[in-house]
Amino acid sequence: GLTIHALALREQVLYVGGSGRSELFGLVDLRAPTLRWAPQPVPPVASGFGKGIDGLALHGERLIAVDDIVIPRYFVVYDISDPRAPRLLGPEVFPWHLTAERVEAVASAGPWMAVLSGYANHGFFGAQVALVHLQTLRGHAALWVGRPRSPRSGRAPVMDLRGVALHGSTLYLAAGAAGLATLDDITPFVARGPVP
């Protein structure tokens with residue numbers, strides 16, 4: 001009953017997030033002789049109607065599951081010091097920026113997580129990348145592109161952004177037919193500290 005949206009791998013344990021009627025997060029131990037789905041608890045605030053896990057980020061011995069859509073949103077944090085027995089540490093509020101924001105992809109590297117989402121806001125449609133400090137789970141910058149558009153116009157989105165990756169301080173975006181978009185250094189955007 002789970003529609004899979006996100007994967008993360010640590011020590012031959014595959015963590016799986018998605019949307020469904022009852023289970024949103026679980027794992028599969030790839031070392032086991034028989035592969036079995038093991039659902040994991042998600043706090044009630046992050047598992048109600050319309051909720052889902054659309055991104056997973058690894059940070060040391062923590063796994064951050066990104067709750068998608070239906071405000072308020074959350075980062076659900078797990079201790080994975082024992083990868084086969086995640087321990088729920090609790091939800092942290094994931095501030096929303098734009099109306100009808102929906103997570104498309106999540107990537108993490110070093111101290112940062114990039115959360116790519118699409119949005120619709122008072123007739124504007126576009127994409128946003130939130131840069132989040134993994135230790136504090138505070139947003140330090142939000143980069144976006146958008147334009148006015150009617151959903152009935154048939155025009156393509158500003159940029160067809162579907163995937164995100166981080167390597168060091170370089171941000172990569174999968175931009176559909178436009179190819180690969182890069183931001184060579186996120187440091188100037190995150191240097192000022194947390195932003196509202």
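Scroll up to find the structure.
Presented here is a report on the structure given in the accompanying data block. Predicted model only: the values in this text are computed from it and were never measured.

Mapped onto the elements of the fold, Gly-17 is located in strand E2 (residues 13–20). Judged by relative accessible area, Gly-17 falls into the buried class, the value being 0%. For the pair formed by Gly-17 and Ile-53, sequence separation is 36 residues and the distance between their alpha carbons is 4.9 Å. Once residues within four sequence positions are removed from consideration, Gly-17 is found in contact with Thr-3, Ile-4, His-5, Ala-6, Leu-24, Ile-53 and Leu-56.

Take the sheet that holds strand E1 (residues 2–10) next. The strand order E1-E2-E3-E4 describes an open sheet built from four strands, whose pairing is antiparallel. Unpaired on one side and paired on the other, E1 and strand E4 (37–39) mark the two borders of the sheet. Averaged over all pairs of adjacent strands, the angle between strand axes in this sheet comes to 30 degrees, irrespective of strand direction. Pairing of E1 with E2 involves eight bridges; the strand directions are antiparallel. Residue Leu-7 lies in a different strand from E2, and its bridge partner there is Val-16.

Turning next to the sheet that holds strand E8 (residues 87–94). The strand order across the open sheet built from four strands is E5-E6-E7-E8, with neighbouring strands paired in antiparallel fashion. Each having just a single partner strand, strand E5 (53–59) and E8 make up the two edges of the open sheet. On average, adjacent strands in this sheet sit at an angle of 20 degrees to one another, irrespective of strand direction.

Note: most residues except glycine have negative phi, and most peptide bonds are trans. Despite not being glycine, Gln-12 shows a phi value in the positive range, around 60 degrees. Structurally, Gln-12 is set in the loop between E1 and E2. Even without glycine at this site, Leu-137 takes up a positive phi of about 60 degrees. Mapping Leu-137 onto the fold places it in the loop between strand E11 (124–133) and strand E12 (138–148).

Before going further, it helps to spend a moment on the pairing of strand E3 (residues 25–29). Of all the five residues making up E3, five are buried; the element is thus mostly covered by neighbouring parts of the structure. Burial along E3 is two-sided: Phe-25, Leu-27 and Asp-29 facing one way and Gly-26 and Val-28 facing the other are all buried. As judged from the five bridges shared by E2 and E3, these two strands associate in the antiparallel manner. Residue Val-16 lies in a different strand from E3, and its bridge partner there is Gly-26. Taken together, E2 and the strand that follows it, E3, pair antiparallel across an intervening segment of four residues. Bridge count between E3 and E4: three bridges; the pairing is antiparallel. In the strand pairing of E4, Val-28 is matched with Trp-37.

Cut-offs used in this document
Residues numbered from 1 in each chain as written. Predicted model: local features only at pLDDT ≥ 70, side-chain atom pairs only at ≥ 80, totals over all residues. Heavy atoms only, no water. Helix = DSSP H or I, 4+ residues; strand = E, 2+ residues; numbered from the N terminus. Buried < 20%, exposed > 50% of the residue type's maximum accessible area, 1.4 Å probe, protein only. Contact = heavy atoms within 4.5 Å. Pairing = 2+ DSSP bridges. Axes fitted to C-alpha atoms, helices over the stretch in contact; angles between N-to-C directions.

Without other data, these values stay purely geometric and don't point to any function.
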